[in-house]
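Each chain is listed here by its residues.
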Amino acid sequence: MVHRITERLGGLAFGGDYNPEQWDRHVWQEDDLLMREARVNLVTVGVFSWALLEPEEGSYDFDWLDAHLDRLHAAGVAVDLATPTASPPPWFTLAHPEALTVTADGIRLTHGSRDTYCLAAPAYRRAATRIAGALAERYGDHPAVCMWHVHNEYATVCHCDRAAAAFRVWLRHKYRTLDALNEAWGTAFWSQRYGSWEQILPPRATQWHHNPGHTLDWRRFFSDETLAAYREQRDAIRAHSDRPVTTNLMVPAYQVLDLWKFGREVDFVGIDHYPAAPGVDAAADIAFGGDRARSFGAGKPWLLIEQGTNTVYTSDGTLGKEPGDILRHTVGHIARGSEGALFFQWRQSKAGAELWHSAIVPHAGPDTRIFREASATGSAVARLGELAGSTVRARAAVLHDADVWWALDTRGLPRTGSDHHDSLRRAHRALWNAGVTTDFAHSADDLARYPVVLAPSLYLLSDASAAALRQYVAQGGTLLVECFAGAVDEHHHARLGGYPVAPLREALGIRVEEYRPLAAAQALELSDGTRGTHWSEVLRLEGATPVASWTSGMLAGQAAVTRHQFGKGSAWYLSTRLEEDAYAALLGQVLAAAGVGPEIADAPPGVEAVRRHADDGRSWLFLLNHSDTDQRLPVTGHDLLTDEPVGHHGLTLPARGAAVLRQG
Ligand code: GAL
């Protein structure tokens, strides 16, 4: 569906959040000129405009928005029209105090920021659907509108009584009987047996560990509730408009949504991405976010809806971008399947909560490095139009599962030294360092198209998924499974008789008898000279051969890393955490066994290579130089960014620069 946007734009998208209501006529005139200069062709409008659009309950003021949409259309700029529901106006919260967020500690928040609502509160849902429908009725066919942007970064979780009531409805639908729920949650322990549905509450603050079945179902419920809220708005829009509808998902280190489910309900995947570290780490993070976005959309092209031009807020304060980053980060997203790049925001606010957040037009105006770099990036994106609709073909997949993420995020578990997100990132980073293009996949998917699959974090595994993985190996796949895998089922019940669950155990040719976390500072040597940290397991070999064994401690002489030929494929098991170099070396063996190599051979350090393919046989090789030195590369093609041919003498890729070579 994203092709409907690129067709309308006549190329890839470039632009950002545009909040003209913060400015006056004089600035709007300058915006029109500067947007042309920066080659902006798509802006997100209205994302936080609820108080202006509906100044009082049920009474709308669209005149100001009419004027902006008409002006933008006349200026040749298309609109990604947002529903403003991430920031309800003060009148809403005063009229519906029961729809305000309640934290797990039982504190009811009040208005004064944004995202302060309960997604399960009927009053909020009605108001959100109403404003979405009213906008669609008015602008559904407006020639400026080329897509819809529902809400903003769904992530608010609420523990109020309305959420509790909706949770019970969800649970009744899932379990039908209280006996089934009590069994699934293991309420026989700690005297938690529920005698009526009304006794069940959200997992609010309590004295000691929550019940793990309870918290897992709560996370699933809130994700489903959020998706239902999205669907209501989407359907209200679809009643009046045929333009594609999506939302800007976040793919950060915390996750309250099952992004696989969201990917199936949006017309195309849109994400926001703000790297939390500078330099090469930012580049790896962009690849990580882009590969996840593409995968959640089943490999189809997607859209980067927000990134920053410069300073962004991170958990450690603010982080600035280096010269060249705006272009390289933008091209990095496009390389992984984005059909363009939008920024938060067009013009830096002079007041309000995010006045220090960067923008395309900074406080200092257009005569600035940032505006010049952003404009040059707009021109570069305009030269990439021919690759719209092309896709990325990955040879490796990393398994990603919201249930595993949430199950591991439970108090009272032994610690492997890494949560789901970190494990995914580590595996992806190792593949990225090796130059291998990677998808994410779910363990229940058909994985046959990937020669190699990594399962760095597979704590929870259903019988069906375990059987699918066994089949994947039997039919010729290469699978690397890491420690603490297949330990519990989908109800968070431990697997009995040895871990992991039987079908996976057979494929791996091992049986785990005991988990033995290592002390924080402990690093135990393995027979190949590498070291295991954080975790160890008592393995019994049931067909597998050892790749490396422990050399000391209680497990001396016993296998730590194994390999098993199973059917036409092979399954590897890593029962500890390896240090970075050792992990990379093990991955090198696994990739070699699967016959998977990098996109280009012998890329110099700091050079990233990834390719987009068209169905007609053309392809585009993206080359990104994250290092501080120019790099020579033995490649040929036509560089779309410079519009120059690259002949048999090869390409000099400037320090912190990028090239996009049309080949074939
Ligand atoms: C995004 C959000 C924007 C803005 C931005 C700042 O997460 O959607 O509205 O707040 O962060 O980085």
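About the thresholds
- Throughout, a residue's number is its position along its own chain's written sequence, starting from 1.
- Totals for whole chains, interfaces and linings use all residues, but because this is a predicted model, local features are given only for residues with pLDDT of at least 70 and pairs of side-chain atoms are given and counted only at 80 or more.
- Hydrogens are left out, water is left out, and the side-chain values use all remaining heavy atoms of the structure.
- Each aromatic pair joins two rings of Phe, Tyr and Trp (for Trp, the six-membered one) with centres within 6.5 Å, and gets the label stacked for planes under 30 degrees apart, edge-to-face for over 60, and tilted for any other angle.
- Note on conventions: DSSP H or I runs of at least 4 residues are helices, E runs of at least 2 residues are strands, and numbering of each starts at the N terminus.
- Any residue under 20% of the maximum accessible area for its type is buried, any over 50% is exposed, and the rest in between are partly exposed; the area is computed with a 1.4 Å probe on protein chains only.
- Axis lines are fitted through C-alpha atoms, for helices just across the contact stretch, and the angle between N-to-C directions can take any value from 0 to 180 degrees.
- Here roughly perpendicular refers to angles of 65 to 115 degrees, roughly parallel to angles under 35, roughly antiparallel to angles over 145, and oblique to all remaining angles.
- In what follows, a contact means two residues having at least one pair of non-hydrogen atoms within 4.5 Å.
- We call Asp, Glu, Lys and Arg charged. Ala, Val, Leu, Ile, Met, Phe, Trp, Tyr, Cys and Pro are nonpolar, and the rest, Gly among them, are polar.
- Whether a residue is near a molecule or strand depends on its heavy atoms: it is near if one of them lies within 4 Å of it.
- Two N or O atoms count as a polar contact when they lie within 3.5 Å, although within protein this holds only if one can serve as hydrogen donor and the other as acceptor, and sequence-adjacent residues are included solely when both atoms are side-chain atoms.
- Residue ranges for the domains trace back to a domain assignment, done automatically or taken from a database.
- For two strands to pair, DSSP has to find at least two bridges joining them.

*Asks:* Could you give me a rundown of the packing of aromatic side chains, with the residues and numbers involved?
*Replies:* The way to describe two aromatic rings as a pair is by their centre distance and the angle between their planes. All chains considered together, the criterion is met by 26 aromatic pairs. With a centroid separation of 6.2 Å and 75 degrees between ring planes, the pair formed by Phe92 and Tyr124 is classed as edge-to-face. Pair noted here: Phe92 is in helix α5 (residues 90-95) and Tyr124 is in helix α6 (residues 122-139), with a separation of 32 residues, a long-range link. On the basis of relative accessibility, which here comes to 1%, the residue Phe92 falls in the buried class. With a centroid separation of 5.2 Å and an interplanar angle of 45 degrees, the aromatic rings of Phe167 and Phe221 are classed as tilted.

*Asks:* I'd love a proper account of the packing of helix α7 (residues 161-175) against helix α8 (residues 178-185), names of residues and values included.
*Replies:* At their nearest, the axes of α7 and α8 sit 9 Å apart, and the two run at 95 degrees to each other. By the criterion of interaxial angle, the relationship of α7 to α8 is roughly perpendicular. Side by side, α7 and α8 meet where Phe167, Leu171 and Tyr175 of the first sit next to Ala180, Leu181, Ala184 and Trp185 of the second. Per-class residue counts for the contact of α7 with α8 are seven nonpolar, no polar and no charged.

*Asks:* Give me the site of the ligand: which residues, what numbers.
*Replies:* Surrounding the ligand, one finds Phe48, Arg114, Asn152, Glu153, Asp272, Tyr274, Glu306, Phe344, Glu354 and His357. Between the ligand and the protein, one listed contact pairs an oxygen atom with a side-chain N or O atom of Arg114 at 3.0 Å. Contact between the ligand and Asn152: an oxygen atom at 2.9 Å from a side-chain N or O atom of the residue. The residue inventory of the shell around the ligand, partitioned by class, reads three nonpolar, two polar and five charged.

*Asks:* Break down the domain arrangement of the protein for me, with residues and values.
*Replies:* Domain assignment breaks the protein into domain 1 (43-268), domain 2 (396-594) and domain 3 (607-663). Centre-to-centre, using C-alpha coordinates, domain 1 lies 42 Å away from domain 3.

*Asks:* Pulling in residues and values, what's your account of the sheet that holds strand β28 (residues 637-639)?
*Replies:* The six strands lie next to each other as β12-β25-β26-β31-β28-β29, forming an open sheet whose pairing is antiparallel. Bordering the open sheet on either side are β12 (391-392) and β29 (644-646), each of which pairs with just one other strand. For β28 and β29, the ladder comprises three bridges, and the chain directions are antiparallel. In the strand pairing of β29, His638 is matched with Pro645. Packed on one face of the sheet, helix α12 (residues 325-335) meets β12, β25 (607-613), β26 (619-625) and β31 (658-663) and runs near 145 degrees to β26.

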